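Structure at a glance
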Amino acid sequence: MHTGSLAVFASFALLVAAEAVAQGPVGTPLNPTLLFRNPRLLQAGDTVHAFGDAGGATSLYCRSPDGGRSWPVVEQSLGAFLPTDEAYADGLLVAVGRGFGGVGVGGPAITVSNDFGVTWSPVQTVALFEALTLSSFATEEVRVHVAGSAITVVWAEPATKKVRSVHSANAGATWSGATLLYQPPSPPSPFNNSSLQLRLVRAGSTVHAFWFVDSQQPVTIRMQTSTDAGATWLPSDRLVGTPGAFGVELLAAGDADQLVVGPRNGSIARSADGGVTWSPVTGLPTPAVEHIASDGDRVVVSSRTLDSFNPTRSISTSLDGGATWQPHWIANSYPGFVSTAFVDGGDLHVLFAFPNVPTNGLLLRSEDGGLSWRIVANNVAGMAPGPQRNIYLRRVISGLPTDYVSYAYVGLGSTPAGAGTAGTGGLVPQLALQGMPALGRTPNLALTQALGNTLGVLGVSSAPPGAIPFAGGLVRLQAPVALVPFATSTLGAWIVLFAVPNDPALRGASLVAQSLLLDPAATDGLSLSSAIELWLAQ
């Protein structure tokens, strides 16, 4: 595999500076009618999904087929249910929530897509709630886990304080009867106003369910575990050994073995053996944990002091599941914000934002495992990180102070910009970015599935993607274009370093890249690679 360093890429920086105007976070409005509120983003390959509701019993959905660059589907109704959770795995996309059918009682409702959200199954209620809560401050919590063709729905009922689940082994075609995961020792009052704050930690065929027994002091957290995607569960639930503290929201993160769990505004505990044993997390500089995120052994915890008006905030990172902690990042300049942590195989992020209000917040990123942090955006209301791109949300007030439009845009990364053409063996050369094109970083541009030992040229343009017919396909490059010749390896691959200058003038710019190769089996003897658009920063 040939590897090249590209001094010529300095000319690309000049090209961008001369020809491209920094776009800024323009984005696509997800709720042009203002009905779609508080969207939750989910990336599934090159498709990005947004789920939310219309402020009531209607589930609304948005979809981008090209990595968040465009959103041809916005505010599509998925049916009459209040959405609460979504999951994707192995080509199966599932949305669940609180349904309203069944003798006025309702139950957990579900809709399924096996074509990345193009079509959805009719909403079905997979069980019935045993009773409705008589409190307006509590609601049923419904969560979902997907692994292969297996779907498991878990829910908690405030009126009975029971936690139950149902399972489908065939993508929702048929369902098992309800399995009781937890029953309180004594019947609760029907006027009890606390929800059980159900959370799932998903890891392939393993799923851990956590819930509050009661959200009053002292907090008690219990858990159940399935190792066969929810078909069966352990003989009995277990107590999570976390210190008692007041908690208004349950936090849980981890994988099959490494788990970190606790109440927001309280202290947290960790387990390295899938919840068999627990130990308190110590060494955090501020005691009230606001959010937890993890990816394998990497854990990010955002926390604060208990001051109401001007709390000191900290970000702590661990590389061993929470056993030890890196030096902490501490700030006291974000009063009133609530923090949310993100980690997904690459950089670490923490967002400071007000929840459920039409304002934006500050997004911080660490590129060195949490040793240092910097503000990368000051107009973000939400995000969905991913290995190829980060999708951001921002809000713009429209009309009344409580009305706002949510815009989605690619904040950093790459998106598909067009297909290539087949060459020898019917293979289509694929161009991809390996790593994030943040300012000052050097990801790779990698070409694969090309003819071996052939010549080609890489083109990079600062203009938006075009569609020029050529050699049986479409060239996505528009003038001005910088060209770099290359030769593929015996395996039909080529990799080049893409050094992004640390120049603020490039913030918000994008580039389009595509390759053209000599291939006698292709139309006119020329094969086009897939095209990608690189979003340098926002």
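Before reading further, recall that the structure is shown in the block above.
The notes below deal with the structure included here. The structure displayed is predicted, hence computed values, not measured ones.

Tallying secondary structure elements over the protein gives 1 helix and 43 strands in all. Split into buried and exposed, the 538 residues of the protein put 55% on the buried side. Summarising the internal contacts of the protein: among those between residues at least 6 apart in sequence, 53% fall at separations of at least 24. When the accessible surface of the protein is summed, it comes to about 20,700 Å², and 57% of that surface belongs to carbon and sulfur atoms.

With the rule as written, the count across this model stands at 19 salt bridges. Ionic pairing is found between D46 and R389, a salt bridge with its closest N-O pair at 2.8 Å. One end of the pair, D46, is in the loop between strand 3 (37–44) and strand 4 (47–53); the other, R389, is in strand 32 (residues 389–397), and 343 residues separate them in sequence. Note that E130 and K162 form a salt bridge whose closest N and O atoms lie 2.9 Å from each other. A residue pair is termed long-range when its members are at least 10 positions apart, and E130 in the loop between strand 10 (124–125) and strand 11 (141–147) and K162 in strand 13 (residues 162–168) qualify at 32 residues. Accessibility expressed as a relative area gives 42% for E130, which makes it partly exposed.

For the peptide bond that leads from A479 to P480, omega is 5 degrees, which places it in the cis range. A positive phi angle, close to 55 degrees, is found at D90, a residue other than glycine. Following the sequence through the fold, D90 ends up in the loop between strand 7 (81–89) and strand 8 (92–99). Residues other than glycine seldom take positive phi values, yet A471 does so here, at roughly 50 degrees. Checked against the element boundaries, A471 lands in the loop between strand 37 (468–470) and strand 38 (473–475). Assessed through its relative accessible area of 8%, A471 is described here as buried.

What follows covers the environment of T33. Structurally, the position occupied by T33 is in the loop between strand 2 (28–29) and strand 3. Judged by its relative accessible area of 47%, T33 is partly exposed. C-alpha of T33 to C-alpha of Y404: the two residues are 371 residues apart in sequence and 9.8 Å apart in space.

A word on the side chain of T47. Position of T47 relative to the elements: it lies in strand 4. In contact with T47, not counting residues within four places along its chain, are L42, R63, S64, P65 and F116.

Once that is clear, we can look at the side chain of D85. Along the chain, the position of D85 falls in strand 7. Reaching out from D85, the side chain makes a polar contact with the backbone nitrogen of V144 at a distance of 3.0 Å. At 2.4 Å, the side chain of D85 and the side chain of R202 are in polar contact. For D85, the contacting residues outside a window of four places in its chain are R40, V94, A95, V96, V142, R143, V144 and R202.

What follows is about the sheet that holds strand 27 (residues 338–343). In space, the 4 strands of this open sheet follow the order 27-28-29-30, with antiparallel pairing throughout. Because the sheet does not close on itself, it has two edges, and the strands there are strand 27 and strand 30 (374–380). Strand after strand, the sheet turns through a mean of 20 degrees between neighbouring axes, direction not considered.

Taken as a whole, this structure holds 8 aromatic pairs when the rule is applied. With a centroid separation of 5.1 Å and an interplanar angle of 75 degrees, the aromatic rings of Y61 and W120 are classed as edge-to-face. Of the two residues, Y61 sits in strand 5 (residues 59–64) while W120 sits in the loop between strand 9 (107–113) and strand 10, which places them 59 residues apart along the sequence. When its relative accessible area of 16% is taken as the criterion, W120 is described as buried. Measuring from ring centre to ring centre gives 5.6 Å for Y392 and Y409, while their planes differ by 90 degrees; the resulting arrangement is edge-to-face. Of this pair, Y392 sits in strand 32 while Y409 is found in strand 33 (residues 404–418), placing the two residues 17 residues apart along the sequence. Considered together, Y392 and Y409 belong to a single accessibility category, that of buried residues. In this structure an aromatic cluster arises from ring pairing among F51, Y61 and W120.

Summarising burial for strand 25 (residues 313–318): 6 of the 6 residues are buried, a large majority. Where burial is concerned, the two faces of strand 25 agree: the one with R313, I315 and T317 and the one with S314, S316 and S318 are both buried. Of the strand pairs in this sheet, strand 24 (residues 298–304) and strand 25 are connected by 6 bridges, and their pairing is antiparallel. Along strand 25, the bridge assignment pairs V300 with T317. Relative to strand 26 (residues 329–331), strand 25 runs antiparallel, the two sharing 3 bridges. If you follow R313 over to strand 26, its bridge partner there is A331.

Basis of the calculations
Residues numbered from 1 in each chain as written. Predicted model: local features only at pLDDT ≥ 70, side-chain atom pairs only at ≥ 80, totals over all residues. Heavy atoms only, no water. Helix = DSSP H or I, 4+ residues; strand = E, 2+ residues; numbered from the N terminus. Buried < 20%, exposed > 50% of the residue type's maximum accessible area, 1.4 Å probe, protein only. Contact = heavy atoms within 4.5 Å. Areas by Shrake-Rupley, 256 points an atom, 1.4 Å probe, with all protein chains shown as cover. Salt bridge = Lys/Arg side-chain N within 4 Å of Asp/Glu carboxyl O. Polar contact = N/O pair within 3.5 Å; in protein donor to acceptor, adjacent residues only side chain to side chain. Pairing = 2+ DSSP bridges. Axes fitted to C-alpha atoms, helices over the stretch in contact; angles between N-to-C directions. Phe/Tyr/Trp six-rings, centres within 6.5 Å; stacked < 30°, edge-to-face > 60°.

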